[in-house]
Amino acid sequence: AAAVPTVTAIRAGRLVDVVSGKLLTNQIILVSGDKITAVGPNLTIPAGATVVDLSSATVLPGLMDCHTHLSSEPGDNYYEDMFRKSPIDRALLAPTYAARTLQAGFTMVRDLGSSSLIDVSLRNAINAGTLPGPRMLVATFALSATGGHGDPTTGFAPGLKFGENPDFTGIADGPEEIRKRVRTNVKFGADWIKVLATAGVLSEEGSAGAALYSLEELKAAVDEAHRWGRQVAAHAHGAEGIKLAVRAGVTSIEHGSLLDDEGVQLMKKNGTWLVADIYDDDYILSEYAKKGFPEKIIEKERSVGKLQRENFQKAVRAGVKVAFGTDAAVYPHGGNAKQFFYMVKFGLTPMQAIQSATIRAAELLQWQDRTGSLTAGKLADIVAVPGNPLTDVRALETVQFVMKEGKVYRNEPKP
Ligand code: ARG
């Protein structure tokens, strides 16, 4: 006989309904197998159901971070990280980062770039149930111009080599190489394509924001990605690079630091998402000098950090679509929810901030039919926090309950 799926009944004292934008009280959520089967105030709890009592907590959909790198994290020392870690060292650490992310309430992530295909292996092991972690969509190798943010030898002595196998870097110049890199990434298991449209902060190229790919190159990336049913996320700090990427048809702009008014209008017109990691400035400026990061990198951070937050606010006010993404790996994994405070400080309501990490994130990832809200028929990705995140968004930093696809990974009721 077929096994009858176990039914779990969650008593939710408060429930964040991200669809209506309302806070409901005294709800019951029924979960069967990996799905939510019913949500409502007066449901009958079936006999034999396991009851989870969250009657003094706030229950919300599993959180989603649309920009992580689960295969790395800054250690104590820049040069140790750069030169003394093998792909095997990184692969051994990645499951710990994934577990921390899930424990923090993030049940799904879009992982935007990894070395050595660690992201593909991690995603597959999580999907197989071998490792605990968030459901992952992965980008494999970030496409980078030579000398750009994703060229690992940028800033070092000529002749230095990382990864002899050209299949194992994302460096691609010109439309032909870009198309081949997109195809190779898809062949290796990429769900998304990441392009580094501009220079970056935490790498040694001269500026943080120079546009490093031409419109023609970016269009080639988007066109090729679309042929394979993939969408493109573009790392872009500088105003010019942001606009080139938007014009080329990318789905999301990552960072968006120096976004100008014309860029805002273009993003609105094209429906491009903004995924801005506006917590990271704090962590970089307080910790990275101690880790031995070169002063020129810290200086680049000073040149974009504050402007990024102001431009985020400008974009929010103008009505640009915003999804939650933190660039986890810049700061230690598991601290993802710290960004909510900054999103509220810079223009979102607490409800909008939560929506950016649930229903809006699901929309960006094109998973809105399967997750992103507490709705019957969707996957049972459910978290809970003590207190009320709509009055104090920092409540999201202390997750007490985590269920992913119907399975409980954390349940620590507070006294
Ligand atoms: N990965 C990004 C880069 O190196 C991190 C930027 C962090 N800074 C910030 N203000 N968001 O470019």
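Quick caveat: nothing in here was measured; it's all calculated off a predicted structure. (Residues numbered from 1 in each chain as written. Predicted model: local features only at pLDDT ≥ 70, side-chain atom pairs only at ≥ 80, totals over all residues. Heavy atoms only, no water.)

Draft legend 1. Representation of the overall build of the chain within the structure. Check the secondary structure of the chain and you find twelve helices and 15 strands. Taken over the C-alpha trace, the chain has a radius of gyration of 21 Å; the compact-globule value for 415 residues is 22 Å, and the two agree within 12%. Across its three principal axes, the chain shows a C-alpha extent of roughly 70 × 50 × 45 Å. Residues counted as buried form 56% of the 415 residues belonging to the chain. (Helix = DSSP H or I, 4+ residues; strand = E, 2+ residues; numbered from the N terminus. Rg over C-alpha atoms; globule rule 2.2 N^0.38 Å. Buried < 20%, exposed > 50% of the residue type's maximum accessible area, 1.4 Å probe, protein only.)

Draft legend 2. Region of the structure containing a nonpolar patch on the surface. A cluster of nonpolar side chains, contributed by Tyr79, Phe83 and Leu160, occupies part of the molecular surface with about 260 Å² of accessible area. A relative accessible area of 36% places leucine 160 in the partly exposed class. (Patch = residues over 30% accessible without salt bridge, like charges linked within 9 Å, V, L, I, M, F, W, Y side chains within 5 Å. Areas by Shrake-Rupley, 256 points an atom, 1.4 Å probe, with all protein chains shown as cover. Salt bridge = Lys/Arg side-chain N within 4 Å of Asp/Glu carboxyl O.)

Draft legend 3. Representation of the site of the ligand. Around the ligand, 13 residues are found, and the nearest of them are Val201, Leu202, His237, Glu301 and Asp327. Between glutamate 301 and the ligand, the recorded distance is 2.7 Å, taken from a side-chain N or O atom to a nitrogen atom. Between the ligand and the protein, one listed contact pairs a nitrogen atom with a side-chain N or O atom of aspartate 327 at 2.8 Å. Isolated, the ligand exposes 350 Å² of accessible area, and the fraction of that covered by the protein chains is 96%. Of the residues forming the shell around the ligand, the biggest block, three residues, is contributed by helix α9 (residues 295–318). Here the residues of the shell around the ligand sort into three nonpolar, seven polar and three charged. (Near = heavy atom within 4 Å. Polar contact = N/O pair within 3.5 Å; in protein donor to acceptor, adjacent residues only side chain to side chain. Nonpolar A, V, L, I, M, F, W, Y, C, P; charged D, E, K, R; others polar.)

Draft legend 4. Expanded view of the packing of helix α4 (residues 174–188) against helix α5 (residues 215–227). α5 packs onto α4 with a crossing angle of 30° between their chain directions and a minimal axis gap of 9 Å. It follows from the interaxial angle that α4 and α5 lie roughly parallel. Pair α4 / α5 crosses with right-handed handedness. Of the residues in α5, those touching α4 at Gly174, Pro175, Ile178, Arg179, Val182 and Arg183 are Glu216, Glu217, Ala220, Ala221, Asp223, Glu224, Ala225 and Arg227. (Axes fitted to C-alpha atoms, helices over the stretch in contact; angles between N-to-C directions. Parallel < 35°, antiparallel > 145°, perpendicular 65-115°, else oblique. Left-handed = near helix turned anticlockwise from the far one by under 90°. Contact = heavy atoms within 4.5 Å.)

Draft legend 5. Structural view of the domain arrangement of the chain. We note that the domain assignment places domain 1 (7–62 + 373–411) and domain 2 (63–364) within the chain. Contact residues are listed per partner, giving 27 residues for domain 1 and 24 residues for domain 2. Interface of domain 1 and domain 2: buried area, both sides summed, is about 2100 Å²; carbon and sulfur atoms make up 67% of it. Broken down residue by residue, the surface that domain 1 buries against domain 2 is led by Val18, Val393 and Lys404, which jointly contribute 25%. At the junction of domain 1 and domain 2, the tally comes to two salt bridges. Between arginine 135 and aspartate 381 there is a salt bridge whose closest N-O contact spans 2.7 Å. (Domains from an automatic or database assignment. Buried area = accessible area lost by both parts, 1.4 Å probe.)

Draft legend 6. Structural context of the pattern of salt bridges. Counted by the stated rule, this structure contains 26 salt bridges. Glutamate 224 is the partner of arginine 227 in a salt bridge, and the nearest nitrogen-oxygen pair spans 3.8 Å. Linking arginine 227 with glutamate 224, this pair stays in helix α5, spanning three residues, or about one helical turn. For arginine 227, a relative accessible area of 59% corresponds to the exposed category. For glutamate 224, a relative accessible area of 2% translates into the label buried.

Draft legend 7. Just the packing of aromatic side chains, in detail. Following the criterion strictly, the structure yields 13 aromatic pairs and no others. With a centroid separation of 4.9 Å and 85° between ring planes, the pair formed by tyrosine 78 and tyrosine 79 is classed as edge-to-face. According to the relative accessible area criterion, tyrosine 78 is buried, its value standing at 4%. With 6.0 Å between their ring centres and 55° between their planes, phenylalanine 168 and phenylalanine 188 make a pair best called tilted. Within this pair, whereas phenylalanine 168 is found in the loop between β7 (135–138) and α4, its partner phenylalanine 188 is found in helix α4, the two being separated by 20 residues in sequence. By relative accessible area, which is 21% here, phenylalanine 188 ends up partly exposed. Over the ring of tryptophan 192 we find arginine 110, and its NZ or CZ is 4.5 Å from the ring centre. A cation over a ring is seen here: arginine 370 above tryptophan 367, with NZ or CZ 3.7 Å from the ring centre. (Phe/Tyr/Trp six-rings, centres within 6.5 Å; stacked < 30°, edge-to-face > 60°. Lys NZ or Arg CZ within 6 Å of the ring centre and 35° of its normal.)

Draft legend 8. View of the nonpolar core. Counting 76 residues, the largest nonpolar core has Ile193, Ile253, Phe312 and Phe340 as the members making the most contacts within it. Looking at which domains feed residues into this core, each of domain 1 (7–62 + 373–411) and domain 2 (63–364) gives three or more. Apart from the residues within four sequence positions on either side, isoleucine 253 is in contact with Ala234, Ala236, Ile242, Ala245, Val246, Met267, Thr272, Trp273, Leu274 and Val275. Judged by nonpolar contacts, the second largest core, of 17 residues, contains Met108, Leu137, Leu365 and Trp367. (Core = buried A, V, L, I, M, F, W, Y, C linked by side-chain atoms within 4.5 Å.)

Draft legend 9. Broad picture of the sheet that holds strand β8 (residues 193–196). One open sheet accounts for five strands, arranged β8-β9-β10-β11-β12; its pairing is parallel. Both outer strands of the open sheet, β8 and β12 (321–322), are each paired with one neighbouring strand and no more. In this sheet, β12 lies alongside strand β11 (residues 273–275) in parallel orientation, the contact comprising two bridges. Counted as the bridge partner of tryptophan 273 is lysine 321 from β12. (Pairing = 2+ DSSP bridges.)

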